Amino acid sequence: MASTDIENVDMYCFQCEQTARGEACTTRGVCTKDASVAALQDHLMWGLQSVAVVAESALRAGVALPDNLHNFVAQAIFSTLTNVNFSPEEIAQYILECETLRDTIRASSPSYWLPPVASWVPAKTIDQMVTQGKTYSIPHRFALLGKDRACLQELLMYGVKGVEAYYYHALLLGEKNDEIGEFALKALASIHQMDPTVEDLLGLCLECGKVNFAAMELLDKAHTTRYGHPEITKVLWAKTPQSGKAGKAILISGHDLLALEQLLELTKGCNINVYTHGEMLPCNAYPLFKSKYPHLVGHYGTAWQNQRKEFEAFPGPIFMTTNCYVPAPPSYLDRVFAASPVGGIGVKKIGNFDAIIACARSMPGFPNPSENLSYLTIGFAHNTVLSVADQVIAAVKSGALRRIFLIGGCDGMEKERNYFTEFAAQVPSDCLILTLACGKFKINGGQYGTLGGLPRLLDMGQCNDAYSAIKVAVALAGAFNTDVNSLPLSLVISWFEQKAVAILLTLLYLGIQNIHIGPKVPGFFTPTILNVLVEKFHLHVTGDPATDLRSMLGH
């Protein structure tokens, strides 16, 4: 982008797949965030980089960092992910907290020369923060480093955002790994390294993939230690309010299992049913939720991009715990509640849950069902799949199972995402399909039958349960005395936001090749970056479903 263009655009954001024209949102985000929120998010990332530079210096000097540092950094970064926080006031508060935390660390650290960002001082009003934030926008680094290196920095930052989102959930559940938090500081500080090379930046991106694997592993431990290993479970799927269980209801969306536990605990005995939405679907398979909370009655709706229609129709309040939040219209804004880091204009913070319970009681709830009931079978995380590994191995050896396809990732609104629906429908009947994340809703409405006593479609869980898929693949490779790339396994990944970027970096760090990713090339992949990934990892961009399938099957 030329310098005159940089001066004239209102914002510059290309961190998600839906970015305008596949290049960047420059006036208003497709996610609906305006230029002021974009500038505040850029400002917050700069403030976090200031914290990181000073914290890195303190670590080198052997100075202990504040106990709340990693929690704060994880939550603040999480607020900048796509479709998480649209509140100028909340983002501005994070910015001010960056300054306070940075100064606390600096006060107890030796005085060394540090990059200018270490001396950053934020403005004190939101309007002034917006103006200041525009000076920290991405295109300024295009002019300084060139687009290839600046975009590699952004690839790293988006990977770190995904890592910190997973780490935030693990921290909430009492699991901690300082190496994850310290890598986030290292990566944030690296933005201010003088004249980084392409090789340096690629190395950091792959290191980010390594750290993300540790974060997903830690979150898996947090979930399974507290809630048990997911079990094969048949779940009521209320596609409309006419196909659920009669009674007052609350809907919970996002990814946060602890928030669900708190909601279920505080609604016990209230005669209020709780439904999951989006990526909360896998929660219905955890033993603790199944055994302790019978008022968790099933799942409502589909993926995040349909929430305006689905939330409008839901006859009760909605509790957003994480992304993806689409700012609510006035017609149902008054019944949207959120937990940090989610925020938006008019969105109420959850507080002690009294208000959301009162809201549920004041609304009509679900009537007696007038439509046929639907069900989904879920719970095929690594513990479940590995328990039948012998069957899978025997089926592969006998030729009954030709290939395994992992078709999953993020869902979205573009028609190009029908690729994944069409691809799954064409997968031969002697192949298994694994799925995870909200991309499952592109394919889980189909009829796939069974193979060798197993459903042909196995739902492995949330996006972080990519860890389950990796663990299964590694175990199968061990059983066949080979590597993952030699397995009869193909990965067909849909990406949308920053957690998907972190997962892609993990797969690349593990050396997994021939991944098909789509529906579009990220806007931050320059031709140079894409060529490197194609040459080194044989990365493919999705094309025609039938052609891609024939290629994967070796035809």
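Because the structure is a prediction, the values reported are computed rather than measured.

Conventions and cut-offs
- Residues numbered from 1 in each chain as written.
- Predicted model: local features only at pLDDT ≥ 70, side-chain atom pairs only at ≥ 80, totals over all residues.
- Heavy atoms only, no water.
- Helix = DSSP H or I, 4+ residues; strand = E, 2+ residues; numbered from the N terminus.
- Rg over C-alpha atoms; globule rule 2.2 N^0.38 Å.
- Buried < 20%, exposed > 50% of the residue type's maximum accessible area, 1.4 Å probe, protein only.
- Pairing = 2+ DSSP bridges.
- Axes fitted to C-alpha atoms, helices over the stretch in contact; angles between N-to-C directions.
- Parallel < 35°, antiparallel > 145°, perpendicular 65-115°, else oblique.
- Left-handed = near helix turned anticlockwise from the far one by under 90°.
- Contact = heavy atoms within 4.5 Å.
- Nonpolar A, V, L, I, M, F, W, Y, C, P; charged D, E, K, R; others polar.
- Phe/Tyr/Trp six-rings, centres within 6.5 Å; stacked < 30°, edge-to-face > 60°.
- Expected span 1.5 Å × (residues − 1).
- Disulfide = S-S within 2.5 Å.
- Polar contact = N/O pair within 3.5 Å; in protein donor to acceptor, adjacent residues only side chain to side chain.
- Lys, Arg positive; Asp, Glu negative; His and termini not counted.
- Salt bridge = Lys/Arg side-chain N within 4 Å of Asp/Glu carboxyl O.

**Q** Can you lay out the overall build of the protein for me, pointing to particular residues and giving the numbers?
**A** Counting its secondary structure elements, the protein contains 21 helices and 16 strands. Here the C-alpha radius of gyration of the protein, 23 Å, is about what a compact globule of 555 residues would show, namely 24 Å. With respect to the principal axes defined by its C-alpha atoms, the protein has extents near 65 × 60 × 45 Å. Here the protein, with 555 residues, has 62% of them falling under the buried criterion.

**Q** Any details on the sheet that holds strand S7 (residues 348-349)? Residues and values, ideally.
**A** Taken in spatial order, the eight strands make up an open sheet running S7-S6-S5-S2-S3-S4-S1-S8, and their pairing is mixed. The sheet terminates laterally at S7 and strand S8 (374-378), the two strands that pair on one side only. By the bridge criterion, two bridges tie strand S6 (residues 336-338) to S7 in an arrangement that is parallel. Directly across from Ala 338, in S7, lies its bridge partner Lys 349.

**Q** Describe the packing of helix H2 (residues 35-60) against helix H4 (residues 88-107), with residues and values.
**A** Running from N to C, H2 and H4 point in directions that differ by 15 degrees, and their axes come no closer than 9 Å. In terms of orientation, H2 lies roughly parallel with respect to H4. Seen from above, H2 lies across H4 with left-handed handedness. Residues Val 37, Leu 40, Gln 41, His 43, Leu 44, Gly 47, Leu 48, Ser 50, Val 51, Val 54, Ala 55 and Ala 58 of H2 lie in contact with H4, whose contacting residues are Pro 88, Ile 91, Tyr 94, Ile 95, Cys 98, Leu 101, Arg 102, Ile 105 and Arg 106. Residues that form the contact of H2 with H4 fall into these classes: 15 nonpolar, four polar and two charged.

**Q** Give a detailed account of the pairing of strand S3 (residues 272-277), specifying residues and quantitative values.
**A** Counting buried positions along S3 yields six of six residues, so the element is predominantly enclosed. The alternating pattern of S3 places Ile 272, Val 274 and Thr 276 and Asn 273, Tyr 275 and His 277 on opposite faces, both of which are buried. Pairing of strand S2 (residues 248-253) with S3, which is carried by six bridges, proceeds in the parallel orientation. Its bridge partner lying in S3, Lys 248 is registered against Ile 272. Relative to strand S4 (residues 296-300), S3 is paired through three bridges, and the arrangement is parallel. For Val 274, the partnering residue across the bridge sits in S4 and is Leu 296.

**Q** Please provide a residue-by-residue account of unusual backbone geometry, values included.
**A** Residue Cys 324 is bonded to the preceding Asn 323 through a cis peptide linkage, with omega at 10 degrees. A cis geometry characterises the amide bond from Ser 340 onward to Pro 341, with omega recorded as 10 degrees. With respect to the secondary-structure elements, Pro 341 resides in the loop between S6 and S7. Positive phi, close to 60 degrees, is recorded for Asn 83, a residue that is not glycine. Structurally, Asn 83 can be placed in the loop between helix H3 (69-78) and H4. When its relative accessible area of 3% is taken as the criterion, Asn 83 is described as buried. Phi is positive for Asp 195, close to 50 degrees, though the residue is something other than glycine.

**Q** So what about the packing of aromatic side chains? Which residues, and what values?
**A** This structure, assessed with the given rule, holds 28 aromatic pairs. Seen from their ring centres, Phe 311 and Tyr 332 are 6.1 Å apart, and the 80 degrees between their planes marks the pair as edge-to-face. Of this pair, Phe 311 sits in helix H12 (residues 307-313) while Tyr 332 sits in helix H13 (residues 330-333), and the two are 21 residues apart along the sequence. The burial state of Phe 311 is the same as that of Tyr 332; both residues are buried.

**Q** Explain helix H10 (residues 257-266) residue by residue, including any values.
**A** Counted residue by residue, H10 has seven buried out of 10 residues, so it is predominantly covered. Looking only at H10, the buried set comprises Leu 257, Leu 258, Ala 259, Leu 260, Glu 261, Leu 263 and Leu 264.

**Q** Can you tell me about the sheet that holds strand S13 (residues 457-459), naming the residues and giving the values?
**A** Ordered in space as S13-S10-S9-S14-S15-S16, the six strands form an open sheet in which the pairing is parallel. Among the strands making up the open sheet, the edge pair consists of S13 and strand S16 (540-541). Sheet analysis places strand S14 (residues 489-494) next to strand S15 (residues 516-518), joined by three bridges and oriented parallel. By the bridge assignment for S15, Val 492 is matched with His 516.

**Q** Which residues make up helix H9 (residues 198-227), and what are the values?
**A** Helix length check: H9, at 30 residues, gives a terminal C-alpha distance of 43 Å against a target of 44 Å (1.5 Å per residue), a fit within 8%. Gly 228, located one to two residues past H9, shows a positive phi value of around 90 degrees.

**Q** Give me the state of the cysteines: which residues, what numbers.
**A** Per the stated rule, a full pass over the model turns up zero disulfides. Not engaged in a disulfide, the cysteine Cys 13 finds its nearest cysteine sulfur in Cys 25; these two sulfurs lie 6.2 Å apart. Cysteine Cys 463 remains unbridged, with the sulfur of Cys 410 as its closest cysteine sulfur at 6.9 Å. The exposure class assigned to Cys 463 is buried, which follows from its relative accessible area of 8%.

**Q** Any chance you could break down the environment of Glu 279 for me, citing the residues and the numbers?
**A** Here Glu 279 is to be found in the loop between S3 and helix H11 (287-292). Distance from Glu 279 to Gly 518, taken between C-alpha atoms, is 20 Å for residues 239 residues apart in sequence. Separated by 2.7 Å, the side chain of Glu 279 and the backbone nitrogen of Cys 463 make a polar contact.

**Q** Before we move on, can you summarise the packing of H3 against H4 with the specific residues and values?
**A** Interaxial distance between H3 and H4 falls to 11 Å at its minimum, and their mutual angle equals 155 degrees. Our classification of the angle between H3 and H4 gives roughly antiparallel. Pair H3 / H4 crosses with left-handed handedness. Counting all contacts with H3, which are made through Leu 69, Phe 72, Gln 75 and Ala 76, the residues of H4 involved are Tyr 94, Glu 97, Cys 98, Leu 101 and Ile 105. Tallied by class, the residues present in the contact of H3 with H4 amount to seven nonpolar, one polar and one charged.

**Q** Kindly report on the side chain of Lys 442, identifying the contributing residues and their values.
**A** Inspection of the secondary structure puts Lys 442 in the loop between strand S10 (431-435) and strand S11 (450-451). In this structure Lys 442 comes out as buried when scored by relative accessible area, which is 17%. Polar contacts involving the side chain of Lys 442 include one to the side chain of Asp 411, which spans 2.8 Å.

**Q** Lay out the side chain of Arg 403 in plain terms, naming residues and giving numbers.
**A** Tracing the sequence through the fold places Arg 403 in strand S9 (residues 403-409). The buried charged residue Arg 403 lacks any salt bridge, with Asp 430 as its nearest oppositely charged partner at 10 Å. Only 3.3 Å separates the side chain of Arg 403 from the backbone oxygen of Leu 489, close enough to count as a polar contact. Within polar-contact distance, the side chain of Arg 403 engages the side chain of Ser 490 at 2.8 Å. Apart from the residues lying within four places of it in its own chain, the contact partners of Arg 403 are Asp 430, Cys 431, Leu 432, Leu 487, Pro 488, Leu 489, Ser 490, Met 552 and Leu 553.

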